[in-house]
Amino acid sequence: MITYKEIAFTAYAVTNIKKARTFYEGVLCLKPARELGKNFVEYDLGNGTLSVGCAPKMWPPSKKGTVAALEVKDFDGALEHLKKKKIKSALGPFDSPMCRMVGVRDPDGNMIVLHQRKSAAEKKAALEQAKEKTAVKKKVGGVK
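Residues numbered from 1 in each chain as written. Predicted model: local features only at pLDDT ≥ 70, side-chain atom pairs only at ≥ 80, totals over all residues. Heavy atoms only, no water.

### Points about the sheet that holds strand 3 (residues 40-45)
With mixed pairing, the 4 strands of this open sheet are ordered in space as 1-4-3-2. Whereas interior strands pair on both sides, the edge strands pair on one side only; in this sheet they are strand 1 (9-13) and strand 2 (34-35). Running at roughly 15° to strand 3, helix 1 (residues 17-27) makes contact with strand 1, strand 2, strand 3 and strand 4 (48-53) of the sheet. (Pairing = 2+ DSSP bridges. Helix = DSSP H or I, 4+ residues; strand = E, 2+ residues; numbered from the N terminus. Contact = heavy atoms within 4.5 Å. Axes fitted to C-alpha atoms, helices over the stretch in contact; angles between N-to-C directions.)

### Observations concerning helix 2 (residues 75-84)
Every α-helix carries 3.6 residues per turn, so stepping three or four residues along brings you back to the same face. Taken together, the buried positions of helix 2 are Phe75, Ala78 and Leu82. End-on, the buried residues of helix 2 take up no more than an arc of 55°, which puts them together on one face. In this structure, helix 2 carries Lys83 and Lys84 as exposed residues pointing more than 90 degrees from its buried face. Those residues of helix 2 hidden inside the fold are in contact with helix 1, strand 6 (91-95), strand 7 (99-105) and strand 8 (111-117). One side-chain oxygen of the residue at the start of helix 2 lies 3.4 Å from the amide nitrogen of aspartate 76, identifying that residue as aspartate 74. One or two positions beyond helix 2, positive phi appears at lysine 86, with a value near 60°. (Buried < 20%, exposed > 50% of the residue type's maximum accessible area, 1.4 Å probe, protein only. Arc of directions from axis to C-beta. Polar contact = N/O pair within 3.5 Å; in protein donor to acceptor, adjacent residues only side chain to side chain.)

Purely geometric numbers; function is a separate question.
And the structure:
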């Protein structure tokens, strides 16, 4: 059996490291933690690391590949920042009972999600509200 502690890193493949760094550092405001050669940079976030590497012949980017969700402190502020940078959302923004999130794409089409967990009280209230809506639908015959 394997026991896990945490995700060590998530890595994105890119075709142009300069364009990628402009996006990750200029748009997403990430600070480089390490440069591992001229085509690979790492950004530390909490206990995890987001890595970006350029080796398109060995490791091509894909719009259908990996998605990392970066936890933000101020979701509304993050949305406003993306708007100012004229970054269109590829997913959302939307609310779920557990969180708020929006997905954007880097220059190679990789999806990055900006995410904010809701507090325990917000989660509980959202789940109760969802239960109430289901109960009302059942009462009027909408759901069986």
